[in-house]
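Next come the chains, spelled out residue by residue.
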Amino acid sequence: MTTDDLTVVHVDQFLAHPPAKVWRALTEPDLIARWLMPGDFRLRVGHRYTMRTQPMPGTGFSGTVEAEVLAFEAPSMLRIRWRDADPGSSSRADWTITWTLRPEGRGTRLFLLHEGFDPGDPLQQHARTLMGGGWRTHTMRRLDEVLNLHPQPRT
């Protein structure tokens with residue numbers, strides 16, 4: 001996949017925290033709520049839960065995400081399906097988010113692959129543009145803030 005692939009958003013971010021700490025932020029519900037969205041996340045394949053945030057009318061996003069854990073390999077990969085909870089949306093999101101963690105020096109290289117944007121749907125492409133920028137700036141900044149506030153898990 002290239003960076004001009006209209007169906008995906010790629011993020012490659014270095015975090016100055018060990019992989020175990022980043023994994024914890026990706027998989028503990030109270031921490032997820034602080035940097036992403038609140039929801040009843042459980043690290044179990046097939047677990048379904050709902051997350052809520054602000055609607056984005058310009059993209060057709062209702063603000064409610066139906067999520068499902070599709071796969072994981074602790075502590076290095078987590079794949080989740082996100083669907084817009086509004087079945088009446090003219091541009092209903094049905095995306096896959098994959099987080100991959102790799103140790104790098106004293107920190108972690110975090111890769112995000114957000115797949116499933118419809119290249120023929122203007123609302124989906126607008127969402128791709130907004131979310132691509134949001135993942136890279138706002139969300140990664142919030143994740144880093146959460147990582148800085150919480151101690152390293154015991155090993």
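Rules behind the numbers
Residues numbered from 1 in each chain as written. Predicted model: local features only at pLDDT ≥ 70, side-chain atom pairs only at ≥ 80, totals over all residues. Heavy atoms only, no water. Helix = DSSP H or I, 4+ residues; strand = E, 2+ residues; numbered from the N terminus. Pairing = 2+ DSSP bridges. Axes fitted to C-alpha atoms, helices over the stretch in contact; angles between N-to-C directions. Contact = heavy atoms within 4.5 Å. Expected span 1.5 Å × (residues − 1). Bend = angle between axes of the 7 residues up to and from the residue. Buried < 20%, exposed > 50% of the residue type's maximum accessible area, 1.4 Å probe, protein only. Polar contact = N/O pair within 3.5 Å; in protein donor to acceptor, adjacent residues only side chain to side chain. Patch = residues over 30% accessible without salt bridge, like charges linked within 9 Å, V, L, I, M, F, W, Y side chains within 5 Å. Areas by Shrake-Rupley, 256 points an atom, 1.4 Å probe, with all protein chains shown as cover. Salt bridge = Lys/Arg side-chain N within 4 Å of Asp/Glu carboxyl O. Core = buried A, V, L, I, M, F, W, Y, C linked by side-chain atoms within 4.5 Å.

Novice: Help me out: how do you make sense of unusual backbone geometry in this one?
Specialist: Trans peptide bonds make up most of the peptide bonds, and negative phi angles are found at most residues other than glycine. That bond from Ala-74 to Pro-75 is cis: its omega, -5°, falls within 30 degrees of zero. On the secondary structure map, Pro-75 appears in the loop between strand E3 (64-73) and strand E4 (77-84).

Novice: Please clarify how the sheet that holds strand E5 (residues 94-104) should be interpreted in this entry.
Specialist: To summarise the sheet geometry, strands pair through backbone hydrogen bonds and adopt either a parallel or an antiparallel arrangement. Here six strands make up an open sheet; going across it, the order is E1-E6-E5-E4-E3-E2 and the pairing antiparallel. At either end of the open sheet lies a strand with only one pairing partner, and these are strand E1 (8-15) and strand E2 (48-52). Taken over all neighbouring pairs, the strand axes of this sheet differ in orientation by 25° on average, direction set aside. Direction of pairing for E1 relative to strand E6 (residues 107-115): antiparallel, over a ladder of eight bridges. By the bridge assignment, Val-11 is partnered in E6 with Leu-112. Strands E1, E3, E4, E5 and E6 of the sheet are contacted by helix H1 (residues 19-27), whose axis makes an angle of about 160° with E5. Each of E1, E4, E5 and E6 touches helix H3 (residues 122-149); the most contacted strand, E1, lies at about 15° to it.

Novice: Is there a simple way to explain H3 in this structure?
Specialist: Residues spaced three or four apart along an α-helix face the same direction, because each turn holds 3.6 residues. Here H3 contains 28 residues, and its C-alpha end-to-end distance of 39 Å stays within 8% of the 40 Å for a straight helix at 1.5 Å per residue. Helix geometry: H3 is bent most strongly at Trp-135, by close to 45°. Where H3 is concerned, the buried positions are Gln-124, Gln-125, Ala-127, Arg-128, Met-131, Gly-132, Trp-135, Thr-139, Met-140, Leu-143, Val-146 and Leu-147. Capping of H3 at its N-terminal end is provided by Asp-121; its side-chain oxygen lies 2.8 Å from the backbone amide nitrogen of Leu-123.

Novice: Can you walk me through a nonpolar patch on the surface in this structure?
Specialist: A grouping of Leu-43, Val-45 and Phe-72 is seen on the molecular surface, where their side chains present a nonpolar patch of about 220 Å² in accessible area. Among the structural elements, Leu-43 can be located in the loop between helix H2 (29-35) and E2. A residue is classified by how much of its surface remains accessible, and Leu-43, at 32% relative accessible area, is partly exposed.

Novice: Looking at this structure, I do not really get the nonpolar core. What am I missing?
Specialist: Burial of nonpolar side chains together is a common tendency in soluble globular proteins. Core analysis: the largest hydrophobic core is formed by 37 residues, its most contacted members being Trp-35, Trp-82, Trp-99 and Trp-135. Per-element accounting of this core gives the leading share, seven residues, to H3. Filtering out sequence-adjacent residues up to four positions away, Trp-35 remains in contact with Ala-25, Leu-26, Trp-99, Trp-135, Thr-139, Arg-142, Leu-143 and Val-146.

Novice: Help me understand the pairing of E2 in this model?
Specialist: One face of the sheet, then the other: side chains in a regular strand alternate in exactly this way. A one-sided burial pattern is seen for E2, the buried positions being Tyr-49 and Met-51 and the unburied ones Arg-48, Thr-50 and Arg-52. Here E2 pairs with E3 via five bridges, running antiparallel. Opposite Arg-48, over in E3, you have Glu-68 as the bridge partner.

Novice: Got a minute to help me understand the pairing of E3 in this structure?
Specialist: Pairing of E3 with E4 involves eight bridges; the strand directions are antiparallel. Pairing of Glu-73 across the sheet is with Met-77, part of E4. The antiparallel pairing of E3 with E4 creates a hairpin that spans three residues between the two strands.

Novice: Would you mind showing me how to read the pattern of salt bridges here?
Specialist: A side chain of one charge can pair with a side chain of the opposite charge when the charged atoms of the two come close. Inspection of the entire model under this criterion finds eight salt bridges. Here Arg-83 makes a salt bridge to Asp-94, at a shortest N to O gap of 3.9 Å. You can see Arg-83 sitting in strand E4 and its partner Asp-94 sitting in strand E5, a full 11 residues away along the chain. Residue Glu-104 pairs with Arg-109 through a salt bridge whose shortest N-O separation is 2.9 Å. Classification of Glu-104 as partly exposed rests on a relative accessible area of 33%. Residues joined by salt bridges that share partners form a network here, namely Asp-12, Glu-104 and Arg-109.

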